[in-house]
Amino acid sequence: MPLALLALAVGAFGIGTTEFVMMGLLPDVADDLNISIPSAGHLVSAYALGVVIGAPLLAAVTAKMSRRTVLTGLMGLFVVGNALSALAPDNGWLLAARFLSGLPHGAFFGVGAVVATNMVAPERKARSVSLMFLGLTVANVLGVPVATLMGQNLGWRATFLGVSAIGLVAIAALALLIPRDHEHTTAKGLRGELAALSSLPVWLSLGTTVAGFGALFSAYSYITPMLTDAAGYADASVTLLLALFGVGATAGNLLGGRLADHSLRGTLFGCLASLVAVLALFPLLMRTEATAAVAVILLGMAAFATGSPLQLMVMEKASSAPSLASSANQAAFNLANAGGAWIGGLALAAGFGVTSPALAGVALAVLGLAVASLAYAVDRRRVPATGRERIVASHVPQEAEPVHN
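Residues numbered from 1 in each chain as written. Predicted model: local features only at pLDDT ≥ 70, side-chain atom pairs only at ≥ 80, totals over all residues. Heavy atoms only, no water.

## What to know about helix α8 (residues 200–220)
For step 1, the next point in the chain: With 21 residues, α8 extends 30 Å from end C-alpha to end C-alpha; this agrees with the ideal 30 Å at 1.5 Å per step.
For step 2, the next point in the chain: Along α8, the helix axis deviates most sharply at Gly214, where the bend reaches about 25°.
For step 3, the next point in the chain: Counting buried residues along α8, 17 of its 21 residues qualify, which places the element largely inside the surrounding structure. (Helix = DSSP H or I, 4+ residues; strand = E, 2+ residues; numbered from the N terminus. Expected span 1.5 Å × (residues − 1). Bend = angle between axes of the 7 residues up to and from the residue. Buried < 20%, exposed > 50% of the residue type's maximum accessible area, 1.4 Å probe, protein only.)

## With respect to the pattern of salt bridges
For step 1, the next point in the chain: Counted according to the given criterion, the structure contains four salt bridges.
For step 2, the next point in the chain: A salt bridge links Arg157 to Asp32, with the nearest nitrogen and oxygen atoms 3.4 Å apart. A residue pair is termed long-range when its members are at least 10 positions apart, and Arg157 in helix α6 (residues 156–177) and Asp32 in helix α1 (residues 4–33) qualify at 125 residues.
For step 3, the next point in the chain: Since its relative accessible area comes to 41%, Asp32 is described here as partly exposed.
For step 4, the next point in the chain: Between Asp379 and Lys317 there is a salt bridge, and its shortest N-O distance comes to 2.6 Å. Here Lys317 lies in helix α13 (residues 307–317) and Asp379 lies in helix α15 (residues 356–382), a separation of 62 residues in the sequence.
For step 5, the next point in the chain: We classify Asp379 as buried; its relative accessible area is 8%.
For step 6, the next point in the chain: The class for Lys317 is buried, based on a relative accessible area of 15%.
For step 7, the next point in the chain: Overlapping salt bridges bring together Arg265, Lys317 and Asp379 as one network. (Salt bridge = Lys/Arg side-chain N within 4 Å of Asp/Glu carboxyl O.)

## Observations concerning the side chain of Thr209
For step 1, the next point in the chain: Structurally, Thr209 is set in helix α8.
For step 2, the next point in the chain: Exposure remark for Thr209: the relative accessible area of 0% places this residue in the buried category.
For step 3, the next point in the chain: What Thr209 contacts, discounting residues up to four positions off in sequence, is Gly214, Leu310, Asn329, Ala332, Phe333 and Ala336. (Contact = heavy atoms within 4.5 Å.)

## Let's talk about the environment of Ala96
For step 1, the next point in the chain: Its place among the elements puts Ala96 in helix α4 (residues 91–118).
For step 2, the next point in the chain: A C-alpha to C-alpha distance of 8.4 Å links Ala96 and Ser85, two positions 11 residues apart in sequence.

## Digging into α6
For step 1, the next point in the chain: In this model α6 runs 32 Å from its N-terminal to its C-terminal C-alpha over 22 residues, within 8% of the 32 Å that 1.5 Å per residue would give.
For step 2, the next point in the chain: What α6 keeps buried is the set Trp156, Thr159, Phe160, Val163, Ser164, Gly167, Ala170, Ala173 and Leu174.
For step 3, the next point in the chain: Residues of α6 that are buried in the fold lie against α1, α3 (67–87), α4 and α5 (125–154).

## A few points about the packing of aromatic side chains
For step 1, the next point in the chain: If you walk through the whole model with that rule in mind, you get eight aromatic pairs.
For step 2, the next point in the chain: Note on Trp156 and Phe160: the rings are 6.1 Å apart at their centroids and 80° apart in plane angle, and the pair reads as edge-to-face. Separated by four residues within a single helix, Trp156 and Phe160 lie in helix α6, roughly one turn from each other.
For step 3, the next point in the chain: Between Phe269 and Tyr376 the ring centres are 6.5 Å apart and the planes differ by 90°, which places this aromatic pair in the edge-to-face class. With Phe269 in helix α11 (residues 264–285) and Tyr376 in helix α15, this residue pair connects regions lying 107 residues apart in the sequence.
For step 4, the next point in the chain: Overall, the relative accessible area of 32% leaves Tyr376 in the partly exposed class.
For step 5, the next point in the chain: Grouped by ring-pair contacts, the aromatic residues Phe213, Tyr220, Phe245, Phe304 and Phe333 constitute a single cluster. (Phe/Tyr/Trp six-rings, centres within 6.5 Å; stacked < 30°, edge-to-face > 60°.)

## Things to note about the packing of α8 against α11
For step 1, the next point in the chain: Between α8 and α11, the shortest axis-to-axis distance is 11 Å and the interhelical angle comes to 25°. Judged by the inter-axis angle, α8 sits roughly parallel to α11. As α8 runs across α11, the sense of the crossing is left-handed. Together, Thr208, Gly212, Ala215 and Ala219 of α8 and Leu268, Leu272, Leu275 and Leu279 of α11 make up the contact between the two elements.
For step 2, the next point in the chain: Looking at side-chain class alone, the contact of α8 with α11 contains six nonpolar, two polar and no charged residues. (Axes fitted to C-alpha atoms, helices over the stretch in contact; angles between N-to-C directions. Parallel < 35°, antiparallel > 145°, perpendicular 65-115°, else oblique. Left-handed = near helix turned anticlockwise from the far one by under 90°. Nonpolar A, V, L, I, M, F, W, Y, C, P; charged D, E, K, R; others polar.)

Written out as C-alpha cells, the structure is:
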C-alpha cells in the first residue's frame, strides 16, 4: 500500500477527533460560555450541518482542480475552523466556527477515497479506502479520549488548538506524499458533476448508506443509558467502553475493506445482516456487564465493516463524477447520524424501554438490506445479456493524465 495513504489517515484522524470530541466537552463549554447543555448541544448539530452542506458543494466546485491541491486546501479550512473555535468569544461565534469546521469533512473523505483507489491495483481498492478510514476509527480509540482529557484539564479551547496542530501535520503530509496530478479529465463543471448523481442506482446506494448507518446511530446515540441503566455500569466506566467501540470499529473497517476486495456486494449484504443480528441481540446482551461489553465491540465491527463497501458502491454508480458521489456519501453518513438518533429517541420517548433504540435500529438495518436488494435488482436489469454483473470494486476510473512525484 502506498505511503500516501498515511497522509490521508492523518487527516482523517484529525477530522474524526474534532467531530466526536465535542460530545465530551459539552459541560465544559456550557459552563465557560454560560449556556445550557441543550444549547451547547447545538454545536454538534452545527458541525453536522456543515458536513451535509459542504460535502457535495465543495467537491463539485473543486472538480477541475488538482486533487492534491483540493485535499491540502480542505485541510487548511479545517485548521482555520478549529482555530476559530478555540478563539470564539461567545456561543454565536463558536456555532459559526463549528459549522466552518464541518464544511471540509465530507469533501476530504470523498476526494480522499478517489485518490486512495487511484493509487492501488483494482483488487485493492476497498482496502485502500479502509486504510484511509482507519484514521477516523482510531480517533475514537485514542484521539477523542486524549482530546477530552486535555479539554478537562487545560480547558476546552486547548483541545481545538491541539486539533488544529494535527491539521497542520496533515497538510505537510499531504503536500509531501500525495502525488501531483493535473486537472481531472472527467471534470464537466458543476452542472455535469451534479448530473452524474441523477441516476437511480446512485440514489439507491446513498439510501443504503442512510438506512444502514442510521441503524448504528439509532443505538449508539443512546449507548450510555443502556450501559448504565440496563447493564449496570458506573458512569466512570462509559469512556472505556466507548473506546472498546472504537476498537471494534477499527477491526470491522479493516475486515470490511479486505472482504470487499473479493466480493463487494456480498460483503455489503453480509455486514448489514450482521448488523441486524447484533442489534436484535442488544436487549439480551445488555443484561450483564460482560455481555454488554461484547455487544459494544460487535456493534462497532458490524457497522463499520460496511463503510468501505458503501463508499465504493456509490463511487462506481457515479463513475463520471466519483469525487462528488463519494462526498455525497459522506453527507449521507451525517444524515444517518441525525436521523438515526431521532428515530432511536422516538422509541425511548414512547416508553418501549432503555434498549428500544437498538430495536429501532433493527428496523433501519432491515430497510438498508431492502434498499440494497432493490439496487441489486436494478443492476441485474441493466447488465449485458451475459447476465454477469461487473465487478464493482475494479471499475472506479483511473487517472488518465501522467502523475509526477
